[in-house]
Amino acid sequence: YDASGNPLGLLIEEARTNWLLRSELIGSTSWTNNGVFISQSATTAPDGSNTATSLISTASTQEHFTQQVGINTAATETFSVYAKPNGFNYLYLRTNLGGSWSTGYASFNVATGEVGVVGPSIDSTSITYAGNGWYRCSMTFDNRNGQFAQFHAKPTNTASSSSTGDGVNGLHVW
């Protein structure tokens, strides 16, 4: 119904809920950062606003990510983020599924639009070109149960969550 009470038709989409708080501000105070430099409003986002975040890996060999716990749910979930190369070509999404970090991950080449390595507990993945060098990357899974959602900037396509950064390169995310 519209504001005047006139029927508009049936809602044919299922409801969606964003379980990550302040997800529009990746790397902000509601996020925990590890081995990365974060710059808010670093470049033009897919919607044309200057709200995309720059995620730069520190000059070290370790895990380079920003993460957030989110709300506890046992439902099927999809992590989705827009990413664009900023020296590194790989976005690595990761979560702890059923008590294991080693099964809940997917890697995306945001320079070529290809899905890379995918953990055995991931139900599905997708990468879709969104224009201006941006790709929408997503992975769907079950049984996160309130564990972290991690976004990694990586130079290579590997199943390992660790990589070598240089303090200059990384990804833009939104």
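Above this text is the structure in question.
Model, not experiment: these values are computed from the prediction.

Caption draft 1: Here's a closer look at the sheet that holds strand 3 (residues 52-57). One open sheet holds the six strands; their spatial order is 2-3-14-6-11-10, and the pairing between them is antiparallel. Both edges of this open sheet fall to strand 2 (36-43) and strand 10 (122-131), since each of them pairs with a single strand only. Going from strand to strand, the sheet's axes swing by 30° on average, the running direction of each strand aside. In this sheet, strand 14 (residues 170-173) lies alongside strand 3 in antiparallel orientation, the contact comprising four bridges. Across the sheet, residue Thr53 finds its bridge partner in strand 14, namely Val173.

Caption draft 2: A look at the sheet that holds strand 1 (residues 32-34). Strands sit in the order 1-5-12-7-8-9 across an open sheet of six strands; the sheet is antiparallel. Of all the strands in the sheet, just strand 1 and strand 9 (114-118) have a single pairing partner and so form its edges. Taken over all neighbouring pairs, the strand axes of this sheet differ in orientation by 20° on average, direction set aside.

Caption draft 3: Looking closely at the environment of Gln67. Structurally, Gln67 can be placed in strand 5 (residues 65-68). Separated by 37 residues in sequence, Gln67 and Ser30 place their C-alpha atoms 9.0 Å apart. With residues near it in sequence (within four places) discarded, Gln67 still touches Trp31, Thr32, Phe148, Ala149 and Gln150.

Caption draft 4: Main features of the pattern of salt bridges. If you walk through the whole model with that rule in mind, you get one salt bridge. For the salt bridge of Arg94 with Glu63, the shortest nitrogen-to-oxygen distance reads 2.7 Å. Of this pair, Arg94 sits in strand 7 (residues 90-95) while Glu63 is found in strand 4 (residues 61-63), placing the two residues 31 residues apart along the sequence. The class for Arg94 is buried, based on a relative accessible area of 8%. Relative accessible area serves as the criterion here: at 24%, Glu63 is assigned to the partly exposed category.

Caption draft 5: Up close: the side chain of Arg94. A polar contact is formed between the side chain of Arg94 and the side chain of Glu63, at a distance of 2.7 Å. A distance of 2.9 Å separates polar atoms of two side chains, one belonging to Arg94 and the other to Ser161. If near-sequence neighbours (up to four positions away) are discounted, Arg94 is found in contact with Glu63, Phe79, Trp101, Gly104, Tyr105, Met139, Phe148, Ala149, Gln150, His152 and Ser161.

Definitions and cut-offs
Residues numbered from 1 in each chain as written. Predicted model: local features only at pLDDT ≥ 70, side-chain atom pairs only at ≥ 80, totals over all residues. Heavy atoms only, no water. Pairing = 2+ DSSP bridges. Helix = DSSP H or I, 4+ residues; strand = E, 2+ residues; numbered from the N terminus. Axes fitted to C-alpha atoms, helices over the stretch in contact; angles between N-to-C directions. Contact = heavy atoms within 4.5 Å. Salt bridge = Lys/Arg side-chain N within 4 Å of Asp/Glu carboxyl O. Buried < 20%, exposed > 50% of the residue type's maximum accessible area, 1.4 Å probe, protein only. Polar contact = N/O pair within 3.5 Å; in protein donor to acceptor, adjacent residues only side chain to side chain.

By themselves these figures say nothing about function.
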